[in-house]
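# Observations on the model geometry
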Amino acid sequence: RPLRAVDYACTASKCCQLQDMSVEKAKTLLENGEGHALAAALLFSASHGYGLEIGVSEEEIDNFAFNGVCSLSVHYLVGLGLELMLKAAYIACGGDDSDNHLRRDIGHDLNTALTMAQERGFESESEHLAELVGYMNEPYKRHYMRYSRPDGVFLPDNMEQVAAVFETLRNEVRERINQAA
């Protein structure tokens, strides 16, 4: 009989560890997402400087940064940032943190990541989150930033809005993680 009590205590202890592991995974995904978001902003800024160096006019510099030589990398980093931060939101709200589930059931689908987080109770005050996810979902999910792509793809064109989405999302997910910890 005492063995059962010990087994139960170990099981309860393992459950606590799994919860702690979920919190840690959410933190890691959030931190990695933040890194990609920051890298996107830095590359966008650097492409501004590069564009000015090669003679792009002030009126066209934002367009160049989003559609010039660095644009695929900027958008790819935006997609990575969104994917990881949305998965962190999902886990922080009690979602399944297993690698197989995250890869198989969510994958690179930003709409699915947002929907699954929302189904778990995640709500965002970000004015442009759904819009950004809508713009980025297909190009990111289909790897247009890495492989062949159609001639025309709608992508976000306002880095200030993108940065605001990331800042709001980061703060909201961090708050959820802190509540779960």
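Residues numbered from 1 in each chain as written. Predicted model: local features only at pLDDT ≥ 70, side-chain atom pairs only at ≥ 80, totals over all residues. Heavy atoms only, no water.

What the rule picks out here adds up to two aromatic pairs. When the centroid spacing of 6.2 Å and the interplanar angle of 35° are considered together, the rings of Tyr 50 and Phe 64 count as tilted. Residue Tyr 50 is found in helix H1 (residues 2–53), and its partner Phe 64 is found in helix H2 (residues 61–67); the two are separated by 14 residues along the sequence. Consider the rings of Tyr 76 and Tyr 140, whose centres lie 6.1 Å apart with planes at 40°: the pair is tilted. One end of the pair, Tyr 76, is in helix H3 (residues 71–92); the other, Tyr 140, is in helix H6 (residues 129–141), and 64 residues separate them in sequence. (Phe/Tyr/Trp six-rings, centres within 6.5 Å; stacked < 30°, edge-to-face > 60°. Helix = DSSP H or I, 4+ residues; strand = E, 2+ residues; numbered from the N terminus.)

The next point concerns the environment of Asn 137. Its place among the elements puts Asn 137 in helix H6. Among the residues examined, Asn 137 registers a relative accessible area of 3% and is labelled buried. The spacing of Asn 137 and Asn 111 is 26 residues in sequence and 6.3 Å in space, taken between C-alpha atoms. Residue contacts for Asn 137: discarding those within four places in its chain leaves His 108, Asp 109, Leu 110 and Asn 111. (Buried < 20%, exposed > 50% of the residue type's maximum accessible area, 1.4 Å probe, protein only. Contact = heavy atoms within 4.5 Å.)

The next point concerns the nonpolar core. Formed by 45 residues in total, the largest nonpolar core has its most connected members in Val 78, Leu 82, Leu 169 and Val 173. Breaking this core down by element, the ones donating at least two residues are H1, H2, H3, helix H4 (99–106), helix H5 (110–119), H6 and helix H7 (159–180). Among the elements that take part in this core, H3 stands out by supplying 13 residues, more than any other. The contacts of Leu 169, once residues within four sequence positions are left out, are Leu 82, Met 85, Leu 86, Phe 122 and Leu 129. (Core = buried A, V, L, I, M, F, W, Y, C linked by side-chain atoms within 4.5 Å.)

What follows concerns the confidence of the model for the protein chain. When the pLDDT values of the protein chain are averaged, the result is 85; 86% of them are 70 or greater. Ranking the helices and strands of the protein chain by mean pLDDT puts H5 first, with 98, and H1 last, with 75. Long-range and interchain partners of residues 1–18, a stretch whose pLDDT sits below 50, account for zero contacts in this model, where long-range means more than four residues apart. (pLDDT = per-residue confidence, 0-100.)

With that out of the way, let us pick up the pattern of salt bridges. Applying the stated criterion across every chain, the model contains nine salt bridges. The residue Lys 25 makes a salt bridge to Asp 99 at a minimum N-O spacing of 2.5 Å. On the criterion of sequence distance, the pair formed by Lys 25 in helix H1 and Asp 99 in helix H4 is long-range, its members being 74 residues apart. Taking relative accessible area as the criterion, Asp 99 reaches 38% and is therefore assigned partly exposed. Here Asp 105 ties to Arg 104 by a salt bridge, and the two come within 3.2 Å at their closest N and O atoms. (Salt bridge = Lys/Arg side-chain N within 4 Å of Asp/Glu carboxyl O.)

Here the focus is H4. Since the α-helix packs 3.6 residues into each turn, any two residues three or four apart lie on the same face. Among the residues of H4, His 101, Leu 102 and Ile 106 are the ones counted as buried. Across the axial projection of H4, the buried residues extend over an arc of 95°, all falling on one side. Residues Asn 100, Arg 103 and Arg 104 are exposed on H4 and point more than 90 degrees away from its buried face. At the exit of H4 stands Gly 107, carrying a positive phi of roughly 55°. (Arc of directions from axis to C-beta.)

Let us look at the side chain of Ser 47. You can see Ser 47 is positioned in helix H1. A polar contact of 2.7 Å, which involves the side chain of Ser 47, links it to the backbone oxygen of Phe 44. Dropping the residues within four chain positions of it, Ser 47 is found in contact with Phe 64, Ala 65 and Cys 70. (Polar contact = N/O pair within 3.5 Å; in protein donor to acceptor, adjacent residues only side chain to side chain.)

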